[in-house]
Amino acid sequence: MSKLVVYLDQNFASNLAKSANLDYWKDPDKDLYCRMLDVLEKKTREDKLICPTSDFHRQESEQSSRIKSVF
């Protein structure tokens, strides 16, 4: 079975995480990010796509005290 591979850039991944975890995040596109996250999670569960992680993105996120406090 072939799968779609989706690579998310750091800013996009960060916005998905903020939309799901920060009630006070007031981005005008927050609802769009929430819907996109729902689709990505659903298709991943259905084994139709994968979103590989990146050591670079993980390390970059760990440098932010703002991100550390959320997770």
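Residues numbered from 1 in each chain as written. Predicted model: local features only at pLDDT ≥ 70, side-chain atom pairs only at ≥ 80, totals over all residues. Heavy atoms only, no water.

S.K.: Mind showing me how you'd approach the packing of helix α1 (residues 10-21) against helix α2 (residues 30-45) here?
M.R.: The relative placement of two packed helices is expressed as an angle between their axes plus a distance between the axes. Axis separation between α1 and α2 bottoms out at 9 Å; the angle between their running directions is 100°. Here α1 lies roughly perpendicular to α2, going by the angle between them. Two secondary-structure elements touch here, α1 through Phe12, Asn15, Leu16, Ser19 and Ala20 and α2 through Lys30, Tyr33, Cys34, Met36, Leu37 and Leu40. (Axes fitted to C-alpha atoms, helices over the stretch in contact; angles between N-to-C directions. Helix = DSSP H or I, 4+ residues; strand = E, 2+ residues; numbered from the N terminus. Parallel < 35°, antiparallel > 145°, perpendicular 65-115°, else oblique. Contact = heavy atoms within 4.5 Å.)

S.K.: Would you explain the nonpolar core in this entry?
M.R.: The tendency in soluble globular proteins is for nonpolar side chains to be buried as a group. Counting eight residues, the largest nonpolar core consists of Val6, Leu16, Leu22, Trp25, Tyr33, Leu37, Leu40 and Leu49. Counting residues per element, this core draws most heavily on α2, at three residues. Beyond its immediate stretch of four places on either side in the chain, Val6 contacts Leu40, Leu49, Ile50, Cys51 and Pro52. (Core = buried A, V, L, I, M, F, W, Y, C linked by side-chain atoms within 4.5 Å. Buried < 20%, exposed > 50% of the residue type's maximum accessible area, 1.4 Å probe, protein only.)

S.K.: I tried to follow the pattern of salt bridges on my own but got confused; where do I start?
M.R.: Oppositely charged side chains are able to pair whenever their charged atoms sit close together. Under the definition given, this model contains four salt bridges. The salt bridge partner of Asp47 is Lys3, with a shortest N-O separation of 2.8 Å. One end of the pair, Asp47, is in the loop between α2 and β2 (49-50); the other, Lys3, is in the segment before β1 (4-5), and 44 residues separate them in sequence. You can call Lys3 partly exposed: its relative accessible area is 38%. Among the ionic pairs, Glu46 bridges to Lys43, the shortest N-O distance being 3.6 Å. The exposure class of Glu46 is partly exposed, given its relative accessible area of 32%. Judged by its relative accessible area of 27%, Lys43 is partly exposed. Through salt bridges with shared partners, a single network forms among Lys42, Lys43, Glu46 and Lys48. (Salt bridge = Lys/Arg side-chain N within 4 Å of Asp/Glu carboxyl O.)

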